[in-house]
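# An overview of the molecular structure
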Amino acid sequence: MTSNLRWQPIGLLLIAVAFLMGCTDNSQVERVRQEGFIYCGQGSPRFFNPQLVDNDIATEALSPQLFDALLQFDSKTMEPSPHLAQSWTVSEDGREYTFELRRDVHFHHTPWFTPTRTMNAQDVVFSFKRIIDSQHPYHYVNSASYPWFAAINFSNTLDDVIALSDHKVLFKLSKADNTFLSNLSTVYPVIHSAEYANQLAALDEKHIIDTHPVGTGSFKLKEFKHHDYIRLTRNENYWKSPAKMQQVVFDVSSRGTGSLSKLLSNQCDVLYSPIMSQVPVIREHTELELVKVPAMNISFIALQTSNPKLNHPDIRKALSLAINRENIIDTVYFDNGEAAYSLLPSGSWASNRDTIAVRFDPNYASALLAEHLNGQPLNLTLWVPASELSYHPSPRKVAELVQSDFADVGVNLSVVFEDRVQRNHRHSSQQYDMVLSSWNADTPDPDNFFRPLLSCDANSAGLNVSTWCNPDFDFLLDLAKETTESRYRKNLYYQAQVIVNDEVPLIPLAHGVQFQAKHYSIEGLRVSPFNTESFENVYREY
């Protein structure tokens, strides 16, 4: 451990030399492009550790570069495949998973840490015990709440992690869970260095672990200037083979049209998730390529079911019937999306599109409201994010369309715009009756839509914005996790969707297409519907 660690402020690493100047110095930009590429379109992260975040674009884009997980999704089948774990076995009762780890996997050599050994089972035990064990010395470091893991009830699913040998690890589950391998394949359950953690603990600097990352990924952190840039350099000891490019710079100095301007002026090589209104402009430029990603997302309105104005299912059902989803698709998505008749996209194997329960029927909506309101006015507020996402474009316009639809059935809707609405800001959102929100799946399993958004566990974790908790719904989700028979699983998810359609804790609006724009010279950039992938195979070819 170098003494530099003690004077480096949190979130600011190695910035003695001015670099990129916000990516506006063309000579600096060109120098970076000779050795690597510049990636734009995400905000500045608070932490580099993905375990601490939930749906944070910046951290999730950085995580696959800095860290590896035991498993990853196969780029073609989207099934869990080996990564740091080269193989695994499952017990007959589905409650024990034994992973065989790869040998000769090196952790990053950085100015703040020099490893003395390769990755072993102790690193895996540390990485998971921190999450599931409230007595672990790192569990509460940086006020960690592990929101993604809390939303899927991970700590109650995983009972223990045991090192059987240097390269064999046993995971003991409380009950069978057929989503377990998929969850291990996401960007969140990454492997940290236990040796690094022990050194930090000895120095009473445990908080450093989440801001000065040490992983096994194809790139390592070199420089970080908050709200400006993040520079990663190639990990020469990467266990596969060194990345094809020497460095990657994440430009986090601007969002929205600022990022687009940099892409058009060659100050960025890749624009992550351009918003829908930018797509026609990008398509006009012959030097740019637009990649479309399949939709595994949902935009929706979460209703505060505990609110007296919205605690009757018929009132919530009336609001859903009042919304013209096809008009939203035509006006906002420009044919790059589909109307949502379920929480699950139509491409999901468990999608149950019920156009009777979820439809546009303002006359029936008016009748339901008249029956339950007894002539009293219904005044509601909607909390709306000001920032756009590619699969959740123009929230302002969507809110205006919903406002108009509600007015047609006699509901007065007031709209409040915020810079950014996050699921974990429920304490703020509860000031309002409804929240316009969105979700992008982390795995192809239906559980990854239902559980993080609507389960009682997500509600307890403060991530279920609707504050809805239905034990029968959770029971179906739990049964679907335990059975391995696909037709039974599908039937259970169908029943879960019937409950959601009856109770209407949220109103599904649309499933949008995601995009990624890049300079034509950038090759090898893989795009997944679930998360950003490693840049190890990215190269430039003119």
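- The chain carries the name ABC transporter substrate-binding protein in an unreviewed UniProt entry, which gives Vibrio ulleungensis as its organism.

## So, unusual backbone geometry
- Backbone geometry places Asp 104, a non-glycine residue, at a positive phi of 60°.
- Here Asp 104 shows up in the loop between β6 (96–101) and α4 (121–132).
- Located in the positive-phi region is Tyr 146, a residue other than glycine, with phi close to 50°.
- Owing to a relative accessible area of 3%, Tyr 146 belongs among the buried residues under this scheme.

## Regarding the state of the cysteines
- This structure, assessed with the given rule, holds 2 disulfides.
- Disulfide pairing is shown between Cys 40 and Cys 268; the S-S distance is 1.6 Å. In this pair, Cys 40 is assigned in strand β2 (residues 36–40) and Cys 268 in the loop between α9 (257–264) and β12 (270–272), connecting sequence segments 228 residues apart. For the pair shown, Cys 40 and Cys 268 are each scored as buried.

## Considering the nonpolar core
- Judged by nonpolar contacts, the single largest core of 77 residues is most densely connected at Leu 70, Phe 128, Phe 154, Phe 171 and Phe 250.
- Top contributing element to this core by residue count: α4, with 7 residues.
- Setting aside chain neighbours within four positions, we find Phe 154 in contact with Phe 128, Ile 131, Ile 132, Phe 149, Phe 180 and Leu 184.
- Ala 318, Leu 401, Val 504 and Phe 515 belong to the second largest nonpolar core, which has 42 residues in total.

## So, the side chain of Asp 251
- Along the chain, the position of Asp 251 falls in strand β11 (residues 247–251).
- Among the polar contacts made by the side chain of Asp 251, one reaches the side chain of Ser 253 at a distance of 2.6 Å.
- Looking at Asp 251, its side chain comes within polar contact range of the side chain of Lys 262, at 2.9 Å.

## Points about the sheet that holds β6
- Taken in spatial order, the 4 strands make up an open sheet running β5-β6-β8-β7, and their pairing is antiparallel. On the outer flanks of this sheet lie β5 (85–90) and β7 (158–165), each paired with one strand and no other. Neighbour-to-neighbour, the strand axes of this sheet turn through a mean angle of 20°, independent of strand direction.
- As paired elements, β7 and strand β8 (residues 168–173) share 6 bridges and run antiparallel to each other. Across the sheet, residue Val 161 finds its bridge partner in β8, namely Phe 171.

## A closer look at the sheet that holds strand β18 (residues 434–440)
- Taking strand neighbours across the sheet as the criterion, the 6 strands line up as β15-β19-β14-β18-β16-β17 in an open arrangement whose pairing is mixed. Whereas interior strands pair on both sides, the edge strands pair on one side only; in this sheet they are β15 (337–339) and β17 (411–418). Between one strand axis and the next, the sheet turns through 25° on average, direction left out of account.
- Note: strand β14 (residues 297–303) against β18, 7 bridges, orientation antiparallel. In the sheet register, Asn 297 faces β18, and the bridge partner there is Asn 440.
- Of the strands in this sheet, β14, β15 and β19 (506–512) touch helix α12 (residues 325–333), which is tilted by about 40° from β19.

Criteria and cut-off values
- Here the residue index of a chain counts from 1 through its sequence in written order.
- Owing to the predicted nature of the model, reporting of local features is limited to residues with pLDDT of at least 70; listing and counting of side-chain atom pairs is limited to 80 or more, with chain, interface and lining totals taken over all residues.
- For the side-chain quantities, the full set of heavy atoms in the structure was used; hydrogens and water were omitted.
- Helix and strand assignments follow DSSP, with helices taken as H or I runs no shorter than four residues and strands as E runs no shorter than two, numbered in order from the N terminus.
- For each residue, the accessible area found with a 1.4 Å probe, counting protein chains only, is set against the maximum for its type, and the residue is called buried under 20%, exposed over 50%, and partly exposed in between.
- Pairs of cysteine sulfur atoms within 2.5 Å are identified as disulfides in what follows.
- In this text, buried Ala, Val, Leu, Ile, Met, Phe, Trp, Tyr and Cys residues form a nonpolar core when linked through side-chain atoms within 4.5 Å.
- Contacts are assigned to residue pairs with any non-hydrogen atoms lying within 4.5 Å of each other.
- Residues adjacent in sequence count toward polar contacts only when both atoms are side-chain atoms; beyond that, a polar contact is any pair of N or O atoms within 3.5 Å, and within protein one must be able to donate a hydrogen and the other to accept it.
- Only when DSSP finds a minimum of two bridges between them are two strands counted as paired.
- Geometry is summarised by axes, namely lines fitted to C-alpha atoms with helices restricted to the contacting stretch, and by angles between N-to-C directions that run from 0 to 180 degrees.

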